[in-house]
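The chain contents come next:
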Amino acid sequence: MKLKKTYKFALKTSFLITIFLTLLMSVFLYIFYTINFKHLLFFAIFTYGFSFLIIQYRVEKFIYKRINKIYKDLTLLESASFRKHSITTDMATLTKQIDQYAKDKKLEIETLKVREEYRKEFIGNVSHELKTPLFTVQGYIETLLDGAIKDKKVAEKYLERANKGVERLIYIVKDLDMITKLEVGDLRLNISTFDIVELVKSVFDLLEMKAAKKKITLTFDMDYKQPILVKGDEERIQQVLTNLVVNSIKYGFQNGTTEISIEKLIKNKVIVRVTDNGEGIGKEHLPRLFERFYRVDKSGSRKEGGSGLGLSIVKHIIEAHDEKIYVESEVNVGSEFSFTLEKA
C-alpha cells in the first residue's frame, strides 16, 4: 500500500531524530554508565514512535489548517471543480489541482477578453449599419417638415427615398433576428427531400434581372438532365444559394459569369459550388469572412448595399444542417463558395 506523503515525511523525520537521540544516549551511557542494549533498543523504539505521532499530528494539523483556508478561498470563487473533491493534505495533489484551476481561469479570462473585443466590434458595427439609414430617413423627413412637402414632386421623391431607408432598416433587423435565432438554436429546420437542381434553377429565375443589369450570366457547369435529391430545409438552402449568388453578382465584373456545379463528394454527400470570376477576396480576409458585419472594404462604403449579415447567415444555416461551408478566392480572379448536403 502506498503511504501518504505526510506519513513518509513523519517516518523519515522520526527515524533521523531517533538515530540522533539514540547515538547521543549511547555516548552518554558509555561515559557515565554501562550500555544496556535492551534498554537502548527500548529507548529507540519509544523515541521513534513518540516522534512519529507528534510530528504526524502537528504536520497534518499545520498543513490542514492552511490548505483548508486555500479551499475556502477557492470556494468563494465558485470553483465547481474544487467543491467536488474532498480536502487533501497531499501537496503534490493540491499543487496539481491549483495548477489546473489556474490554467482553467486563465483560459476563461482569455475567452472573456476575446468575447469583449467581439462585443465591442459587434456593437460598433450594428450602430454603424443602423445609423446610415436612420440619418437618411431623418434628413428627408426634416426637409419635408421644413416646407418641402408643399412641392408635390419633391415630396414624393423624398418620401420614396425615406421609404428605401426604412426598408433597409427592416432588412437589417430581420437578418439580425434570424441570425440570433440560428445562434441560440431557436430556428427549427423543416427537413425534407428536394431536388437541388430545380432549386438552383428557381434561384436563377429570381435573380435573372439583377444579374442582367451587370450583364452577368447565371449558369450551370453542365446540363443536369437527372434530378439530384438531397435532404435539408429547402427554404433555408434556397436562402443560402440566393445569398451566395447575390454576392457573386454584387462583386462580379461586367460581362462576368456565376456558375453553379453539383458534385458527388462521397457516398451520401454532394457538394454545391458557386463560382464567379469577379473581384475576389484577399487571403487575409478569408478567416473572418463569415463574421457578422465583417466587410472586406474597410472604407465604410455601402455602395453595394446589404446588411453585412448574409455570409454569416449562410454559415449558420449550413452548420445547423451539420454540414460544412468552404471558400476559396483570389483577388481579380474570382471566388468559389461551396457547401455540402446529405444526399437523399
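Residues numbered from 1 in each chain as written. Predicted model: local features only at pLDDT ≥ 70, side-chain atom pairs only at ≥ 80, totals over all residues. Heavy atoms only, no water.

## Description of the overall build of the protein
On a plain count of helices and strands, the protein comes out with eight helices and seven strands. Sorting the 344 residues of the protein into buried and exposed places 36% on the buried side. Carbon and sulfur atoms form 59% of the exposed surface of the protein, whose accessible area is close to 22,800 Å². (Helix = DSSP H or I, 4+ residues; strand = E, 2+ residues; numbered from the N terminus. Buried < 20%, exposed > 50% of the residue type's maximum accessible area, 1.4 Å probe, protein only. Areas by Shrake-Rupley, 256 points an atom, 1.4 Å probe, with all protein chains shown as cover.)

## Thoughts on the side chain of glutamine 239
Looking at where glutamine 239 falls in the secondary structure, it is placed in helix H7 (residues 234–250). Excluding its chain neighbours within four sequence positions, the residues that come into contact with glutamine 239 are Met178, Ile313 and Ile317. (Contact = heavy atoms within 4.5 Å.)

## Here we look at the packing of H7 against helix H8 (residues 310–320)
Taken N-terminus to C-terminus, the directions of H7 and H8 make an angle of 145°; their axes are 9 Å apart at the nearest point. As H7 runs across H8, the sense of the crossing is left-handed. On the side of H7, the interface is formed by Arg236, Ile237, Gln239, Val240, Asn243, Leu244 and Asn247, while H8 contributes Gly310, Leu311, Ile313, Val314, Ile317 and Ile318. For the contact of H7 with H8, the residue count by class is eight nonpolar, four polar and one charged. (Axes fitted to C-alpha atoms, helices over the stretch in contact; angles between N-to-C directions. Left-handed = near helix turned anticlockwise from the far one by under 90°. Nonpolar A, V, L, I, M, F, W, Y, C, P; charged D, E, K, R; others polar.)

## Structural notes on the UniProt feature "transmembrane region" (unreviewed entry) in the protein
Cross-referencing UniProt, the feature "transmembrane region" (unreviewed entry) maps to residues 9–33 and 39–59 in the present numbering. Along residues 39–59, the helical share is 100% and the strand share 0%, with 29 Å between the first and last C-alpha atoms. (UniProt positions renumbered as here; feature names shortened; annotations may be inferred.)

## Observations regarding a nonpolar patch on the surface
A surface patch of nonpolar side chains, about 410 Å² in accessible area, is lined by Phe15, Leu16, Ile19 and Leu23. Checked against the element boundaries, phenylalanine 15 lands in helix H1 (residues 5–32). Judged by relative accessible area, phenylalanine 15 falls into the partly exposed class, the value being 46%. (Patch = residues over 30% accessible without salt bridge, like charges linked within 9 Å, V, L, I, M, F, W, Y side chains within 5 Å. Salt bridge = Lys/Arg side-chain N within 4 Å of Asp/Glu carboxyl O.)

## Description of unusual backbone geometry
Positive phi, normally seen in glycine, also occurs at lysine 215, with a value near 55°. Considering the arrangement of structural elements, one finds lysine 215 in the loop between helix H6 (196–213) and strand S2 (217–220). For lysine 215, a relative accessible area of 55% gives the class exposed. In this structure, asparagine 255 is a non-glycine residue whose phi angle is positive, near 65°. Position of asparagine 255 relative to the elements: it lies in the loop between H7 and strand S4 (257–266).

## Let's talk about the environment of lysine 250
Its place among the elements puts lysine 250 in helix H7. Look at lysine 250 and you get buried, because its relative accessible area is 14%. In this structure the C-alpha to C-alpha distance between lysine 250 and isoleucine 216, which are 34 residues apart in sequence, comes to 10.0 Å.

## Overview of the pattern of salt bridges
Counted according to the given criterion, the structure contains seven salt bridges. Between glutamate 323 and lysine 269 there is a salt bridge, and its shortest N-O distance comes to 2.7 Å. A residue pair is termed long-range when its members are at least 10 positions apart, and glutamate 323 in the loop between H8 and strand S6 (325–330) and lysine 269 in strand S5 (residues 269–276) qualify at 54 residues. Accessibility classification places glutamate 323 together with lysine 269 in one group, the buried group. When the shortest N-O distance is used, the salt bridge between glutamate 319 and lysine 315 registers 2.9 Å.

## Here's the deal with the nonpolar core
Within the largest apolar cluster, 49 residues are counted, with the highest numbers of intra-cluster contacts made by Ile196, Ile237, Leu241, Ile262 and Phe339. Top contributing element to this core by residue count: H6, with eight residues. Non-local contacts of leucine 241, meaning those with residues more than four positions away in its chain, are made with Ile196, Leu199, Val200, Val203, Ile260, Val272, Val274 and Phe339. Core analysis: the next-biggest nonpolar cluster, separate from the first, contains seven residues, Val137, Tyr140, Leu144 and Ala148 among them. (Core = buried A, V, L, I, M, F, W, Y, C linked by side-chain atoms within 4.5 Å.)

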